[in-house]
Amino acid sequence: MSTVVRSLLRNRNTDGHGRVTMVELFFDLVFVFAVTQLSHTLLAHLSLLGALQTLLLFLAVWWVWIYTSWCTNWLDPDTAPVRLLLFALMLGGLLLSSALPEAFGERGLLFAAAYAAMQVGRTLFMVVALRGVHPTLCRNFLRIAVWLMVSGALWIAGGLADGEARFAWWAGALLIEFFGPVAFFWVPGLGRSSIGDWDVDGGHLAERCGLFVIIALGESILVTGATFAGLPLDASHTAAFVIAFVGSVAMWWLYFDSGAERASHRIAHAADPGRQARMAYTYLHLLIVAGIIVCAVADEIVLMHPGHADNAGIAAILGGPALYLLGNALFKWTTNDRRTPPLSHLAGLALLLATALAARPLHLSALALGAATTAILVLVAAWEWLALRRAVRPAH
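Now for a quick tour of the structure. (Residues numbered from 1 in each chain as written. Predicted model: local features only at pLDDT ≥ 70, side-chain atom pairs only at ≥ 80, totals over all residues. Heavy atoms only, no water.)

**Quick look at the overall build of the chain**
The number of helices and strands found in the chain is 14 helices and zero strands. Radius of gyration (C-alpha) of the chain: 22 Å, near the 21 Å computed for a compact globule of 396 residues. With the C-alpha coordinates of the chain rotated into their principal frame, the extents come out at 70 × 65 × 35 Å. Classification of the 396 residues of the chain by burial places 53% in the buried group. Considering only contacts in the chain between residues 6 or more positions apart, those separated by 24 or more positions represent 81%. (Helix = DSSP H or I, 4+ residues; strand = E, 2+ residues; numbered from the N terminus. Rg over C-alpha atoms; globule rule 2.2 N^0.38 Å. Buried < 20%, exposed > 50% of the residue type's maximum accessible area, 1.4 Å probe, protein only. Contact = heavy atoms within 4.5 Å.)

**Topic: the state of the cysteines**
Scanning all chains against the criterion turns up zero disulfides. Free cysteine: Cys-71, not disulfide-bonded; nearest cysteine sulfur from Cys-138 at 12 Å. Taking relative accessible area as the criterion, Cys-71 reaches 2% and is therefore assigned buried. No disulfide involves Cys-295; its nearest neighbouring cysteine sulfur is the one of Cys-209, lying 19 Å away. (Disulfide = S-S within 2.5 Å.)

**Looking at unusual backbone geometry**
Phi at Phe-185 is positive, roughly 55°, even though this residue is not glycine. The residue Phe-185 is located in the loop between helix 7 (163-182) and helix 8 (202-229) in this model. With relative accessibility at 7%, the residue Phe-185 sits in the buried group. With a phi close to 55°, His-363 is a non-glycine residue in the positive phi region. Mapped onto the fold, His-363 is located in the loop between helix 13 (343-359) and helix 14 (366-392). Note on His-363: relative accessible area 70%, which makes it exposed.

**What about empty space enclosed by the protein?**
Here the structure, examined in full by the defined rule, presents two cavities of 30 Å³ or more. Looking at the largest cavity, its volume works out to about 250 Å³. If you go around the largest cavity, you meet 17 residues; those closest to its centre are Trp-70, Ile-144, Pro-181, Phe-185 and Trp-198. At five residues, the largest contribution of residues to the lining of the largest cavity is made by helix 3 (residues 48-74). Here the lining of the largest cavity is built from residues that sort into 12 nonpolar, four polar and one charged. In this structure, the second largest cavity occupies an estimated 140 Å³ of space. (1 Å grid on protein atoms, 1.4 Å probe; cavity = no way out; pocket = protein on both sides within 12 Å on 5 of 7 lines; lining within 4 Å. Points joined across faces, edges and corners; volume = space filled by probe spheres on them. Nonpolar A, V, L, I, M, F, W, Y, C, P; charged D, E, K, R; others polar.)

**Thoughts on the nonpolar core**
Generally speaking, a soluble globular protein has its nonpolar side chains buried in company with each other. Counting residues in each nonpolar core, the largest one holds 116 residues, and the members touching the most others are Trp-62, Phe-111, Phe-141 and Trp-155. For this core, the element with the most residues is helix 11 (residues 273-304), which contributes 17 residues. Each residue touching Phe-111, except ones within four places of it in the same chain, is listed here: Leu-57, Ala-60, Leu-96, Ala-99, Leu-100, Ala-103, Trp-155 and Trp-170. (Core = buried A, V, L, I, M, F, W, Y, C linked by side-chain atoms within 4.5 Å.)

**A word on a nonpolar patch on the surface**
On the surface, a nonpolar cluster with roughly 890 Å² of combined accessible area is contributed by Ile-214, Ile-221, Val-242, Phe-245, Val-246, Val-249, Trp-252, Trp-253, Val-378, Trp-385 and Leu-386. The set of elements that each furnish at least two residues to the nonpolar patch consists of helix 8, helix 9 (235-257) and helix 14. Among the elements that line the nonpolar patch, the one with the most residues is helix 9, at six residues. With respect to the helices and strands, Val-246 occurs in helix 9. (Patch = residues over 30% accessible without salt bridge, like charges linked within 9 Å, V, L, I, M, F, W, Y side chains within 5 Å. Areas by Shrake-Rupley, 256 points an atom, 1.4 Å probe, with all protein chains shown as cover. Salt bridge = Lys/Arg side-chain N within 4 Å of Asp/Glu carboxyl O.)

**Considerations on the layout of surface pockets**
Volume-wise, the largest pocket comes out at about 470 Å³. What lines the largest pocket is a set of 21 residues, and nearest its centre among them are Leu-42, Ala-51, Leu-55, Val-294 and Leu-323. When contributions to the lining of the largest pocket are tallied by element, the ones reaching two or more residues are helix 3, helix 11 and helix 12 (311-335). Ranked by residues supplied to the lining of the largest pocket, first place goes to helix 3 with seven residues. Across the lining of the largest pocket, the residue classes tally to 17 nonpolar, four polar and no charged.

**Details of helix 13**
Spanning 17 residues, helix 13 covers 24 Å between terminal C-alpha atoms, matching the ideal 24 Å at 1.5 Å per step. Those residues of helix 13 lying buried are Ser-344, His-345, Gly-348, Leu-352, Thr-355 and Ala-359. Summarising the axial view, the buried residues of helix 13 lie within an arc of 95°, below the 170-degree limit, and thus occupy one face. Facing away from the buried surface of helix 13 by more than 90 degrees, the exposed residues are Leu-343, Leu-353 and Leu-357. (Expected span 1.5 Å × (residues − 1). Arc of directions from axis to C-beta.)

**As for helix 7**
Here helix 7 spans 30 Å end to end across 20 residues, near enough to the 28 Å set by a 1.5 Å rise per residue. Taken as a whole, helix 7 has its buried residues at Arg-166, Trp-170, Ala-173, Leu-174, Glu-177, Phe-178, Gly-180 and Pro-181. Each buried residue of helix 7 sits inside an arc of 140° when the element is viewed along its axis, so together they form one side. In helix 7, the exposed positions that point more than 90 degrees away from the buried face belong to Glu-164 and Leu-175. On its buried side, helix 7 packs onto helix 3, helix 5 (108-130), helix 6 (135-160) and helix 11. Trailing helix 7 by a residue or two, Phe-184 shows a phi angle of about 55°, which is positive.

Everything listed is a geometric property; what it means functionally is a separate question.
So, in structure tokens, the structure goes:
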């Protein structure tokens, strides 16, 4: 039995991090659909209530994905049982994603049941896979299973409720799940985990999160292309299309050129990779991915209505880049030995604030606001690029 169970775990390579397998990438395809559903849901309900509901759904989608990524950090996806687990999670993820637009309507129970089944089922699989092989991690996932069973009951209760009661049940469930790592999953009789227990392969987890950023950016590109394909080929729509594309390139540059690689190197060589994995990748990447999703909504607003921007549109056009810059600033501050967040990102946030204050008095159109935010992202990316090149320039 021990030999069979042992084969479910990765062989850690001391010379480099574990590779991301094709089945992990296949699993991620479900979340391309989930991100698309989230952006469309926000666009269809562009109000304070709609934003709060979409935020809650996004947090759930991210949480089920990041928990799975932590699990495949230890599990070997090339083994048949782990592949079957991922395929089962893909089915659950597809059901969950299909229910997103009506999660606060008639498909609430489907969403809740799929989510709870994914979270609890995957965690119990980990308990079985680790039993007799890695006692410390086995106890950790047993604690996690207890927390997720409690939150799962709240998810189901919310799925059976309506309106504000559903939101309250689900918000409570998410609070339990997000507070769990902070409380080290303390359970009476089982104690609590410790950061040292989470011996993650930092490089693998960093690559997985980078791939999710690519998923979100790819969804933004798809929205831009699909929307532009159905619009008149005139100057304003063409300008909006180019602005959206350049903005996506700037976001890619900000994350992958001046943050992701250095952060991956640091966590791969850290003495306590679990601590960095929890803060930098589990929590701070929320802001980065949320910013991309809101930017995708803003791009569609600018493409569809370049000459006009209402209050909700202004909030999306400026809020998306602000979330993205804030997330990247905190991520780089946490992972790259900076005493303060990057000055370029703080300057970009200040410029976004100034643009927000000027939007109404100057009667700026959606196209003008989109151009301004893209210019700010490009400016920050160029600033970071130049600062990085100066830092590595050899002394003469």
